[in-house]
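Single-letter residue listing:
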Amino acid sequence: MHRPTAPASRHIKVAIMEESELVVHGLRAMLEPHSALISVVAHRADGPAPLVDLTLYEPHRRTAGVRPAPQRFPTRMVAFGWDCSPEAVSTEMARGAAGFVSKYLPSRRLVWNLLQIADGRTIVDAWTPQAEAEKAAAQKWPLTQRETEVLSMIAAGKANREIAEETNLSINSVKSYIRGAYSKIEVSSRSQAVLWAIQHGLLMPTEPDPVRATLARQPVQPVRQPVRQPAGRQPVRQAVVPPVRPGMPAAR
């Protein structure tokens, strides 16, 4: 499904409530390729408000020297920040912001959001690279949370009965999760599943290594240490006494 394109004839003016000229010039340069749709003007918090469609502001940071945004907004204001946590977003929206956009957004996506907000829509786009990476990893990982837990316990060398006791599952449920995991990772034996789990980081460092655990169960042969003689002394040699046979003279 393709996202509808914004009308090319629509042009909006956006003010940036920012004390740093570096940030203002950086955002202007970023949006310059989209000058047909949007233009940027600077706006100091202590100066008169320019006549614009939207005003970008950074949500209040508890940092010395940073002016907080007004508690009530006289015009359509859009929060524009690095902190995109649910708490930060909900706080600004509750204060009356017309939208919340992330500073991580690429220029095309930022322009699209601002055009939508200028048309009266409420837009929240808290995209971050970390959230995108976590989403991609979650989509790529084939196992459910319970299947992952069971497979990691298999890799730790636990039997099905032990897994059932530690997870409060029935033995049939454990077997069902194992079959489901085996099917998804395309293995057919417990040894193959252990190898897959180790290759994908499911064997935690605190868990015993199955190979070392096997070696530890084998009997250990005692090693005889040679008897060390005191320094400066020659080793004492014991005389070998031949057995005495009947009729032989006794040794003198």
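Residues numbered from 1 in each chain as written. Predicted model: local features only at pLDDT ≥ 70, side-chain atom pairs only at ≥ 80, totals over all residues. Heavy atoms only, no water.

Draft legend 1. Geometry of the packing of aromatic side chains. Tallied over the entire structure, the rule returns one aromatic pair. Look at W82 and Y104: their rings are 5.0 Å apart centre to centre, the planes differ by 75 degrees, and that puts the pair in the edge-to-face class. Placement of the pair is W82 in the loop between β4 (77–81) and α2 (86–94) and Y104 in the loop between β5 (99–102) and α3 (107–118), with a sequence separation of 22 residues. By relative accessible area, W82 is classed as partly exposed at 46%. (Phe/Tyr/Trp six-rings, centres within 6.5 Å; stacked < 30°, edge-to-face > 60°. Helix = DSSP H or I, 4+ residues; strand = E, 2+ residues; numbered from the N terminus. Buried < 20%, exposed > 50% of the residue type's maximum accessible area, 1.4 Å probe, protein only.)

Draft legend 2. Molecular detail of the pairing of strand β2 (residues 38–43). Bridge count between strand β1 (residues 12–17) and β2: six bridges; the pairing is parallel. Bridge pairing links M17 to H43 in β2. Following the backbone out of β1, through helix α1 (residues 21–31) and into the adjacent parallel β2, one traces a crossover that is right-handed. (Pairing = 2+ DSSP bridges. Right-handed = clockwise from strand over helix to strand, strands pointing away.)

Draft legend 3. Spatial organisation of the packing of helix α5 (residues 145–155) against helix α7 (residues 171–185). At a closest axis distance of 9 Å, the pairing of α5 and α7 adopts a crossing angle of 95 degrees. Between α5 and α7, the angle is such that the two are roughly perpendicular. Contacts between α5 and α7 involve R146, E147, V150, L151 and I154 from the former and Y177, I178, G180, A181, Y182, K184 and I185 from the latter. Grouping the constituent residues of the contact of α5 with α7 by class yields eight nonpolar, one polar and three charged. (Axes fitted to C-alpha atoms, helices over the stretch in contact; angles between N-to-C directions. Parallel < 35°, antiparallel > 145°, perpendicular 65-115°, else oblique. Contact = heavy atoms within 4.5 Å. Nonpolar A, V, L, I, M, F, W, Y, C, P; charged D, E, K, R; others polar.)

Draft legend 4. Expanded view of the pattern of salt bridges. Under the definition given, this model contains seven salt bridges. In this structure, the salt-bridge partner of E147 is K184, at a minimum N-O distance of 3.0 Å. Here E147, found in helix α5, pairs with K184, found in helix α7; they are 37 residues apart in sequence, far enough to count as distant. Judged by its relative accessible area of 8%, E147 falls in the buried class. (Salt bridge = Lys/Arg side-chain N within 4 Å of Asp/Glu carboxyl O.)

Draft legend 5. Geometry of the nonpolar core. In this structure, I12, L54, L56, L110 and L114 are the most contacted members of the largest nonpolar core, which totals 23 residues. Elements with a contribution of two residues or more to this core: β1, α1, β2, β3 (54–57), β4 and α3. Among the elements that line this core, the one with the most residues is α3, at six residues. Setting aside its immediate chain neighbours within four residues, L54 contacts I12, K13, V14, A15, R76, V78, L114, I117 and A118. Formed by 20 residues, the second largest nonpolar core is a distinct cluster that contains V150, A164, A181 and A193. (Core = buried A, V, L, I, M, F, W, Y, C linked by side-chain atoms within 4.5 Å.)

Draft legend 6. Quick look at the side chain of H34. Examined against the element boundaries, H34 turns out to sit in the loop between α1 and β2. Judged by its relative accessible area of 15%, H34 falls in the buried class. Setting aside its immediate chain neighbours within four residues, H34 contacts S107, R108 and V111.

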